[in-house]
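Descriptive analysis of the structure
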Amino acid sequence: MKGKPIASIVSAGLSRFGKLEGLYAREIFAEAAKEAYERCPNLNPKKDIKALFIGHMGESYEHQGHTGATAADWAGLMNISATRTEAACSSSGAALRAGIFAVLSGLCDVVMVGGVEKMTHRSTPEVTEFLAMASDFPFEQWHGITFPGLFALMATAHMHKYGTTEMQLAHVAVKNHYNGSLNPKAHMQKQITIETALSSRVIAWPLKLYDCSLITDGASCLILTKPELAKKYTDTPVHIIGSGQASDTIGIYEREDFTSLTAAKLAAQQAYKMAGLKPEDIDVAEVHDCFTIAEIIAYEDLGFCKPGEGGHLAENGETALNGKIPVNTSGGLKAKGHPVGATGTAQAYEIYLQLTGQAQKRQVKDAEVGLTHNVGGSGATATVHIYMRC
Amino acid sequence: MSEQVPFTIEQFYKHMLQGKFMGGKCKKCGKIHLPPRPLCDNCFSKEFEWVELPKNGKLLTYTIIHVAPPQFQGMAPYAVGIVQLENGVKIPGMIKGIALEKIKIGTSLTLDFGTCAATQEWPKWPRYYFKPA
Ligand SMILES: [Zn+2]
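Quantities reported herein were computed from a predicted structural model and do not represent experimental measurements.

Here is what the cut-offs are and how they apply
Residues numbered from 1 in each chain as written. Chains lettered and ligands numbered in written order. Predicted model: local features only at pLDDT ≥ 70, side-chain atom pairs only at ≥ 80, totals over all residues. Heavy atoms only, no water. Donors = N, O, S within 2.8 Å, 3.2 Å for Na, K, Ca; no water. Buried < 20%, exposed > 50% of the residue type's maximum accessible area, 1.4 Å probe, protein only. Core = buried A, V, L, I, M, F, W, Y, C linked by side-chain atoms within 4.5 Å. Domains from an automatic or database assignment. Contact = heavy atoms within 4.5 Å. Pairing = 2+ DSSP bridges. Helix = DSSP H or I, 4+ residues; strand = E, 2+ residues; numbered from the N terminus. Axes fitted to C-alpha atoms, helices over the stretch in contact; angles between N-to-C directions. Buried area = accessible area lost by both parts, 1.4 Å probe. Salt bridge = Lys/Arg side-chain N within 4 Å of Asp/Glu carboxyl O. Polar contact = N/O pair within 3.5 Å; in protein donor to acceptor, adjacent residues only side chain to side chain. Nonpolar A, V, L, I, M, F, W, Y, C, P; charged D, E, K, R; others polar.

1. Focus: the coordination of the zinc ion
Residues and elements named next belong to chain B. For the zinc ion, the protein coordination sphere consists of Cys26 (SG), Cys29 (SG), Cys40 (SG) and Cys43 (SG), at 2.3 to 2.4 Å. Positions of the donor residues of the zinc ion, expressed as sequence spacing, correspond to C-x2-C-x10-C-x2-C. Accessibility expressed as a relative area gives 0% for Cys40, which makes it buried. Overall, Cys43 belongs to the buried group, its relative accessible area being 19%.

Structure below.
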């Protein structure tokens, strides 16, 4: 028995992803908003949209905070209720959930949710420092542990406990780059080989350059409404039928286990329960592959396989486009790119395309049920959403 | 007397400057907090006592950082890991005094205060590290 819709997506927009020189975050967000307006001629944005929730992680990049009001203004939504949500890399996953709260409460009929980040104008050491702010300062950053370093700590533990290999990690990178090569909006649209991935320079051993997601500029947005109003705006809405969010210790050193993310498991349990679905019911998923090891852990936390089997799932091609459960058809954070604040709703954008048959060369045939898994920082926040074709 | 000293992260590092490695023990439920906290997350008690933490432990997991933030760039590549102390408490830190390729999960390590000088700038904390036991 599938759960009932809690909110419906009637339109979605995504800016180009990549190195967008000379653009400011608010201008990139306007690009995503414009696509969402154009997809939905029945929507009168100025009249209908009553609130904006926007994910944005760092004001350091552009010396600019107060993203809610700024983004609403540039999206042509002057004077509406506009709020920024911040949960590190899960900032727009949290925005989506805030939008669901607004619609489900009855307070708003139509809201926009989205996210943005402008990163590429900064040097790699600067970005490394800004991203690390999502982790614990007094014990992790203070002792030189970088953001890739935290996921490397998980990778070392996963390899030790389950025998996961660097080759299996490379398979995730090769798959996501292949998918990215089919996505005209992806930051990297070129395929790579296992050898390229394995021989790339070390960032935080055992993670190498091709185990890491990209530093990318981009924005994404969705238009949400109450399920009973969805058909007023479009014939092909996508319903949200499950939503979960959970948190965990900010320092990973305080956790029981370094081979899975408790917040992601709890968020997934909430979403599955609300949707009345099981992992085997999911046709297509976008998961948070900030690092290749994170995608392998995601398979396990979402129940696509048993703990410890994630590496095999990648190696056997079961999560490839033509596999049993296609994961990251967009190219994921790895190839589509990871403009941190934009990622959560960019994942939802891909699922929206998949469930409305608009994913072109990377379309999963007869996809009816989709899932997004968005992790903040090193797992102190996770949001999971489940979507169903109308 | 020591009970009046606030159970904070700041105080943890102040103890380090005095050559002491201390955690906060909840007087009600017995949980040892590292870092110390003013409110027990387990039982909500606000009553703690300072306890000395064991310096020896085993390495639970580690990584070798090659791309470092600006202030650590001169040290890269360097090893960092999470150590489980003999009383079960876990703490992350740098690992020094051992060839990078010799580091393994399970390696016995001991905490060293190093020169234990506080940084000039905020937050004016020292940096401990781990070395082979
Ligand atoms: Zn207690």
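2. What to know about the nonpolar core
Grouped together as the largest cluster of nonpolar side chains are 99 residues, with contacts concentrated most on A:Phe304 and A:Ile386. Mapping this core onto the domain boundaries places at least three of its residues in each of domain 1 (9–52) and domain 2 (56–132) of chain B. Dropping the residues within four chain positions of it, A:Phe304 is found in contact with A:Tyr272, A:Pro279, A:Ile282, A:Ala285, A:Tyr299, A:Leu313, A:Ile325 and A:Val327. Ranked by size, the runner-up nonpolar core spans 35 residues in total, among them A:Leu14, A:Ala51, A:Leu96 and A:Val284.

3. A look at the sheet that holds strand E1 (residues 7–14) of chain A
Residues and elements named next belong to chain A. Judged by pairing direction, the sheet is mixed, and its 9 strands sit side by side in the order E3-E2-E4-E7-E1-E8-E11-E10-E9 without closing on themselves. Of all strands in the sheet, those bounded by a partner on one side alone are strand E3 (81–85) and strand E9 (284–286). The average angle at which neighbouring strand axes cross in this sheet is 25 degrees, direction not considered. Relative to strand E7 (residues 218–225), E1 runs antiparallel, the two being bridged by 6 bridges. When the bridges of E7 are listed, Ser8 appears paired with Thr225. Across the face of the sheet, helix H1 (residues 25–39) comes into contact with E1, strand E2 (51–55), strand E4 (110–117) and E7 while running at roughly 40 degrees to E7.

4. Some points on the interface of chain B and chain A
Contacts between chain B and chain A engage 37 residues on the former and 29 residues on the latter. Interface of chain B and chain A: buried area, both sides summed, is about 2,900 Å²; carbon and sulfur atoms make up 69% of it. Considering only the side of chain B, the residues that lose the most area to chain A are B:Val67, B:Lys90 and B:Pro92, jointly responsible for 19% of the buried surface there. Taken together, the links from chain B to chain A amount to 1 salt bridge.

5. Side note on the domain arrangement of chain B
All names here are of chain B. With domains assigned, chain B is organised as domain 1 (9–52) and domain 2 (56–132). Just the C-alpha atoms count here: the centres of domain 1 and domain 2 sit 21 Å apart. Taken together, the 11 residues of domain 1 in the interface contact 13 residues of domain 2. Interface of domain 1 and domain 2: buried area, both sides summed, is about 1,100 Å²; carbon and sulfur atoms make up 80% of it. It is Tyr13, Met16 and Phe21 in domain 1 that bury the most area against domain 2; as a group they hold 47% of the surface buried on that side. At the junction of domain 1 with domain 2, the criterion picks out 0 salt bridges. Along the contact surface separating domain 1 from domain 2 lie 1 residue pair in polar contact (both at pLDDT 80 or more). The dominant element in the side of domain 1 that touches domain 2, judged by the number of residues it contributes, is helix H1 (residues 9–17), at 6 residues. Looking at side-chain class alone, the side of domain 1 that touches domain 2 contains 8 nonpolar, 1 polar and 2 charged residues.

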